[in-house]
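Given next are the chains, with one letter for each unit.
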Amino acid sequence: METNPPTSELMSPVHSFPNRFFCSDFQNDEEFNAPASVYTYMHVDCSRSSEAPVRSPDVVISNNFMNSAFTDDQVMDNEEASQDSHMQDMTVAVSGSSHGPSMFAESSRGQLDGPSNPYFVFDTPQGTRYWIPNVADKFIPVCGKYYPTFADVLSMYELYAFEAGFSVKEGQTKVWNGIPTHKYLRCSKYGKPQPKRTFDTLDESSVKLRRTNFTWCDCKASILVSISNDSYTVLSFNDIHNHELVESYNRDLSKISRKLSFSTKQFIHNMSLNRIGPMRAYRCLVALKGGHHNVNGTPVDLKNFSHQLRIFIGERDAQVFLERLRERFDNLPNFYFDYTVSNGKLSFVFWADEISKLNYKAFGDVLAFDATYSTNRYKMVFVPFTGVDHHFQCVTFGAGLISTESIESYVWLLKAFLKAHGTQPTLVLSDQDPSMLQAVPMVFTESRHRLCMWHIMKKLPSKISADVLDNTDLRSCIHRLVWNVYIKPETFESRWNDLLQTFGLQDHSWLNDMYNIKHLWVPTYFRELLMCCLMKTISRCESSNAAFKVNSTSANTLVQFMMCFENRVDNQRYRQHVSEYKTSSTMFTGNTDLAIEQHAFAIYTNVVFAQVQKEIIKGKFLCYITNQTESSNSSLLIDVTHLDKRNNITNVYQTNPPVAHAGISHVSVICVAMSFASID
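Residues numbered from 1 in each chain as written. Predicted model: local features only at pLDDT ≥ 70, side-chain atom pairs only at ≥ 80, totals over all residues. Heavy atoms only, no water.

Sheet architecture is open: five strands sit in the order E6-E10-E9-E8-E7, paired in antiparallel fashion. Two strands bound the open sheet, and with one partner strand each, they are strand E6 (146–147) and strand E7 (168–176). Relative to strand E8 (residues 179–187), E7 runs antiparallel, the two sharing seven bridges. Paired with Trp 176 across the bridge in E8 is Ile 179. (Pairing = 2+ DSSP bridges. Helix = DSSP H or I, 4+ residues; strand = E, 2+ residues; numbered from the N terminus.)

What follows is about the confidence of the model for the protein. Per-residue pLDDT for the protein has a mean of 75; in total, 72% of the residues score no lower than 70. Confidence scores differ between elements of the protein, with strand E3 (residues 93–94) showing the lowest mean pLDDT of 30 and helix H9 (residues 407–421) the highest of 95. Within the model, pLDDT remains below 50 along residues 1–115, and this stretch shows 263 contacts once partners closer than five positions in the same chain are excluded. Throughout residues 676–680 the model reports pLDDT below 50, and contacts reaching past four residues in sequence, or to other chains, amount to 14 contacts. (pLDDT = per-residue confidence, 0-100. Contact = heavy atoms within 4.5 Å.)

Packing of helix H4 (residues 262–272) against helix H5 (residues 278–289) brings their axes to within 10 Å, and their N-to-C directions diverge by 125 degrees. On the basis of the axis angle, H4 is oblique to H5. H5 is crossed by H4, and the crossing has right-handed handedness. Taking contact as the criterion, the partners of Thr 264, Phe 267 and Met 271 in H4 are, on H5, Ala 281, Cys 284, Leu 285, Leu 288 and Lys 289. In terms of residue class, the contact of H4 with H5 is built from six nonpolar, one polar and one charged. (Axes fitted to C-alpha atoms, helices over the stretch in contact; angles between N-to-C directions. Parallel < 35°, antiparallel > 145°, perpendicular 65-115°, else oblique. Left-handed = near helix turned anticlockwise from the far one by under 90°. Nonpolar A, V, L, I, M, F, W, Y, C, P; charged D, E, K, R; others polar.)

Glancing now at the pattern of salt bridges. This model, assessed by the stated rule, comprises seven salt bridges. One salt bridge in this structure joins Asp 218 and Lys 220, with 3.5 Å as the shortest N-O distance. Overall, Lys 220 belongs to the partly exposed group, its relative accessible area being 27%. Between Arg 324 and Glu 566 there is a salt bridge, with its nearest N and O atoms 3.0 Å apart. Taken together, the positions of Arg 324 in helix H7 (residues 317–331) and Glu 566 in helix H18 (residues 558–585) put the pair 242 residues apart, joining distant regions of the chain. Each of Arg 324, Arg 328 and Glu 566 takes part in a single network of salt bridges with overlapping partners. (Salt bridge = Lys/Arg side-chain N within 4 Å of Asp/Glu carboxyl O. Buried < 20%, exposed > 50% of the residue type's maximum accessible area, 1.4 Å probe, protein only.)

Let us look at the sheet that holds strand E12 (residues 345–352). The strand order across the open sheet built from seven strands is E11-E12-E15-E14-E13-E16-E17, with neighbouring strands paired in mixed fashion. Each edge of the open sheet carries a strand with a single partner, namely strand E11 (336–342) and strand E17 (448–451). Strand after strand, the sheet turns through a mean of 20 degrees between neighbouring axes, direction not considered. As judged from the three bridges shared by strand E13 (residues 366–369) and strand E16 (residues 427–430), these two strands associate in the parallel manner. Across the sheet, residue Leu 367 finds its bridge partner in E16, namely Val 428. The sheet strands contacting helix H10 (residues 434–443) are E13, E16 and E17, and the helix crosses E17 at an angle near 165 degrees.

Time to look at unusual backbone geometry. Phi is positive for Asn 177, close to 55 degrees, though the residue is something other than glycine. Counting through the fold element by element, Asn 177 comes out in the loop between E7 and E8. Phi angles above zero are rare outside glycine, and Phe 392 is one such case at about 60 degrees. Residue position: Phe 392 is located in the loop between strand E14 (381–388) and strand E15 (394–402).

Structure, rendered in structure tokens:
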């Protein structure tokens, strides 16, 4: 560091140092009134500064407005503005080029196309250090230049600030008779620092200070913009900073560089729909873009955006949620939704789109629904309605949210479902929830209600003594009996009574209770229904619920939950689309010479055909007819024995008389067990 006066080389016209600072902000500062010979000049590395400050042409400014002490975003009243009315006619004396105003005299910026030094540094006699950006001319604000919009001015100054190494914030606004006339754009470090807190050293609670990244240092670097006739003119320009500027290798961490772009915000949102938080989303961005320096923002910025998104929704959550449903009702064909509000709160809501309705029309013979929890912050119960499509995959027919699991809630929800789809299902599956048990027959009067077998059978170890279950074959005997779809109801009843007598359980209360409602869960009582074996449990429904919970969390708002639901349904329909493609692009490979096998391949999907093909192979090689009986209605009953590894199984098929259709005789064969519906 040198304390001698500047050399003749430094005092050349290009590097001359001014005798005075002409900005009124510094006119009363004694440390700036010393002659140039007492200033200290620093020789620094190229990453720091050059020998002497290099400045734009000086501009003499005399006005009280620049000395105003009001804080950011404060508006001057008419009285303050009248005292500064000569701002419109302020004197500006320019020497050199049009870059200004500035605090120093002459400039060499016109010779800089890509400055090797990012800024200059100089010290005052009082020890105060100042930094002056050294950037190319094309980035420097030009006094007197007009801009059509304030956004253009802001964009220009932010670009300059990025090159210089500082951040920008909007400053004060001068108002005359309610009309803004001037506007400041300032360095983000403008503002009075917080005074140090005083505390009682005897009070331990007062000693704890809040950790903060407070960085205000009352930096005066700024531009002043005049507003008139919908145009914006740069009036003054001050680029002396009282803080160190950000180096080029650290500018990815500056405020302007950390501003999240729209694509980044959309990425964070899309990741949240798949239950991926902001921290994991940041790591994914780093991996995708090839490093931290290529990512706008830090992990904290991503977390703040995710938090601010929830705050933005705030108390308007239910209203925004319903508005989203209403917009879909207005713009999407055949979209249906209904809701109920009680005491100003959303109580029930149901929705179903056109594709859900089409899926229900095609695959709605068997309907399962089950409640799931922890999908939103309001603890509303989520109830999706699920079925099975022709690829044996889960398909959603609609969904609802209810505030409580009461009979009234389920009755309203089922009525909304029936109103949306118009027809009742053949079979409805649910668990043993008491409210569901009463609500289903109240609404679906034409449907058969079936309880989930898995929920009943999993209670077996807790209801029967462990000594009996572990030391006998009671468990296997019960499972073989209740899961048998081939026996008739009277056969089941006789075998059940024999089983209880064998193990001495005639007076067991739980087993007797389950026997009393046997028509609600034992498969043999549903054998006359088509597709009765398609679902015997609500495991598919629970699987679908688990898939929905993979996307949504208990912290989500209703709007976020709705987006997560739509994302999961979209994935579900995409899998169906993939299965359709595989079915249409698969070539037939037969295992028998039977024409029925090729016909089955032509009409079934790949998954269904694989099961039918197994039956065709068994029918050819492992089955034989044991008896034929003519019935009274001219149909033929055929007993077919299946050679199984464990035992022989006899199925009865009913053959109806031939029916002529389009000149072709059709014979229908129906399996009495109804495992497979029929063969034409």
